[in-house]
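Summary of the model geometry
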Amino acid sequence: MDIRIGNGYDVHALAEGLPLWLGGVQVESPIGCIAHSDGDVAIHALCDALLGALALGDIGKHFPDTSNEFKGIDSKILLKRVMELLEEEGWSVGNVDITIAMQRPKLAPYIVPMRECLASVMGVPVSAVSVKATTTEKLGFVGRSEGCEVYAVALLTKA
Ligand code: MG
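Quick notes on the rules
- Residues numbered from 1 in each chain as written.
- Predicted model: local features only at pLDDT ≥ 70, side-chain atom pairs only at ≥ 80, totals over all residues.
- Heavy atoms only, no water.
- Helix = DSSP H or I, 4+ residues; strand = E, 2+ residues; numbered from the N terminus.
- Expected span 1.5 Å × (residues − 1).
- Contact = heavy atoms within 4.5 Å.
- Donors = N, O, S within 2.8 Å, 3.2 Å for Na, K, Ca; no water.
- Buried < 20%, exposed > 50% of the residue type's maximum accessible area, 1.4 Å probe, protein only.
- Phe/Tyr/Trp six-rings, centres within 6.5 Å; stacked < 30°, edge-to-face > 60°.
- Axes fitted to C-alpha atoms, helices over the stretch in contact; angles between N-to-C directions.
- Parallel < 35°, antiparallel > 145°, perpendicular 65-115°, else oblique.
- Nonpolar A, V, L, I, M, F, W, Y, C, P; charged D, E, K, R; others polar.

**As for helix 4 (residues 111-122)**
With 12 residues, helix 4 ought to run about 16 Å at 1.5 Å a step, and its terminal C-alpha atoms sit 16 Å apart, in line with that. Its buried side turned inward, helix 4 meets strand 2 (20-22), strand 3 (25-27), helix 1 (41-53), helix 3 (75-88), strand 5 (92-101) and strand 6 (129-134).

**Brief notes about the coordination of the magnesium ion**
In ideal tetrahedral geometry, four donors around a metal make angles of 109.5 degrees, whereas ideal octahedral geometry with six donors gives angles of 90 or 180 degrees. For the magnesium ion, every protein donor is listed as Asp10 (OD), His12 (NE2) and His44 (ND1), and the spread of their distances is 2.1 to 2.3 Å. The sequence pattern describing where the donors of the magnesium ion fall on their chain is D-x1-H-x31-H. Judged by relative accessible area, Asp10 falls into the buried class, the value being 17%. A residue is classified by how much of its surface remains accessible, and His12, at 13% relative accessible area, is buried.

**Looking at the packing of aromatic side chains**
In this structure the tally under the stated criterion is 2 aromatic pairs. Pairing Tyr9 with Tyr151 gives two aromatic rings, centres 5.0 Å apart and planes at 45 degrees, and the pair type is tilted. Of the two residues, Tyr9 is situated in strand 1 (residues 2-16) and Tyr151 in strand 7 (residues 147-158); the sequence distance between them amounts to 142 residues. A residue is classified by how much of its surface remains accessible, and Tyr9, at 38% relative accessible area, is partly exposed. Given the relative accessible area of 43%, Tyr151 is considered partly exposed. Ring centres of Phe63 and Phe70 lie 5.4 Å apart, and the angle between their planes is 75 degrees; this geometry places the pair in the edge-to-face category. Phe70 sits in the buried class, given a relative accessible area of 6%.

**A few points about the packing of helix 3 against helix 4**
Between helix 3 and helix 4, the least distance of the axes is 9 Å, while the angle of their chain directions is 45 degrees. The orientation of helix 3 relative to helix 4 falls into the category oblique. The residues of helix 4 that touch helix 3, namely those facing Lys76, Leu79, Lys80, Met83 and Glu87, are Cys117, Leu118, Val121 and Met122. Taken together, the residues that form the contact of helix 3 with helix 4 break down as 6 nonpolar, no polar and 3 charged.

Take a look at the structure:
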């Protein structure tokens with residue numbers, strides 16, 4: 001069996017009055033991500049981990065933020081397209097693990113809905129999708145709620 005590992009990282013700036021989408025789920029929040037797409041920084045990092053595992057570049061290459069086609073796009077559509085790319089090459093997802101760094105709002109109530117949503121879009125068991133959230137103890141741009149930062153890793157397998 002062939003295996004591949006990939007990692008992804010993304011940051012979006014936060015601003016008052018914007019919707020906050022994370023892991024395919026809308027989070028109740030006074031602040032949201034500034035973005036060309038829906039700003040789902042967790043899905044963007046996940047897509048980069050999946051693409052990175054296959055050395056296929058990053059989501060900026062596949063879905064340019066200068067293109068009107070992707071303006072305001074639901075990031076779940078991007079994730080679905082990335083899954084199609086890797087399935088076309090015969091790869092399956094073993095597991096993914098995502099860490100969201102955000103000072104506020106509290107994300108604990110959204111972790112299970114995010115895992116369920118991502119698993120359903122990716123067509124994998126919920127047990128293969130880990131989502132974790134942390135603050136940065138008020139340190140740095142995350143701690144000042146100027147931005148949201150996400151790290152993701154993905155393991156792919158091919159029989
Ligand atoms: Mg992004």
